[in-house]
Amino acid sequence: RLTLEAENERLLAVMADAKRAKGDADAATEAPPKQARAEAAQAAAQAASMRRELETARAEAERAREVSATQLEAHLRGQAELAQFKANADRELTQLKADAAQAAVEAEAA
């Protein structure tokens, strides 16, 4: 009867060792996939972050283009207004010269 109990305890110990070994084996086989999943999740998070940064950069570039276009339009409008002002001033100056010449002719005639 002692041998039977001893054999029973030995079998229980072997079963406990087997369960521990199975748990260790399961943990060992799950560790790499868990690590790979964690690394994949981290890589996905980094990719999403980079995508957001790229979208932000694109939006900023578009805003800069819009600002540049607006500034260019304003500059060109200013140049056109300046050219129009100069043309008007030249016309007025030419008219004043013509009026002065006419007045000189009339003054000599009188």
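Scroll up to find the structure.
The sections below set out a description of the structure shown in this document. On a predicted model such as this, the values are computed, not experimentally measured, just so you know. (Residues numbered from 1 in each chain as written. Predicted model: local features only at pLDDT ≥ 70, side-chain atom pairs only at ≥ 80, totals over all residues. Heavy atoms only, no water.)

**Points about the overall build of the protein chain**
Then, in step 1: In terms of helices and strands, the protein chain carries one helix and zero strands.
Then, in step 2: For 110 residues, the compact-globule estimate of 2.2 N^0.38 gives 13 Å, and the protein chain exceeds it by more than 25% at 47 Å.
Then, in step 3: Projected onto the principal axes, the alpha-carbon positions of the protein chain cover approximately 160 × 15 × 10 Å.
Then, in step 4: The proportion of buried residues among the 110 residues of the protein chain is 0%.
Then, in step 5: For the protein chain, the computed accessible surface area is about 9,700 Å², with 60% contributed by carbon and sulfur atoms. (Helix = DSSP H or I, 4+ residues; strand = E, 2+ residues; numbered from the N terminus. Rg over C-alpha atoms; globule rule 2.2 N^0.38 Å. Buried < 20%, exposed > 50% of the residue type's maximum accessible area, 1.4 Å probe, protein only. Areas by Shrake-Rupley, 256 points an atom, 1.4 Å probe, with all protein chains shown as cover.)

**So, the pattern of salt bridges**
Then, in step 1: A full pass over the atoms with the stated rule returns two salt bridges.
Then, in step 2: For the salt bridge of glutamate 62 with arginine 65, the shortest nitrogen-to-oxygen distance reads 2.7 Å. Taken together, the residues span about one helical turn, with glutamate 62 and arginine 65 both in helix α1 (residues 2-109) at a distance of three residues.
Then, in step 3: Take glutamate 62: its relative accessible area is 36%, and that puts it in the partly exposed class. (Salt bridge = Lys/Arg side-chain N within 4 Å of Asp/Glu carboxyl O.)

**What to know about the environment of glutamate 5**
Then, in step 1: Checked against the element boundaries, glutamate 5 lands in helix α1.
Then, in step 2: Counting along the chain gives 52 residues from glutamate 5 to alanine 57, while the straight-line C-alpha distance between them is 75 Å.

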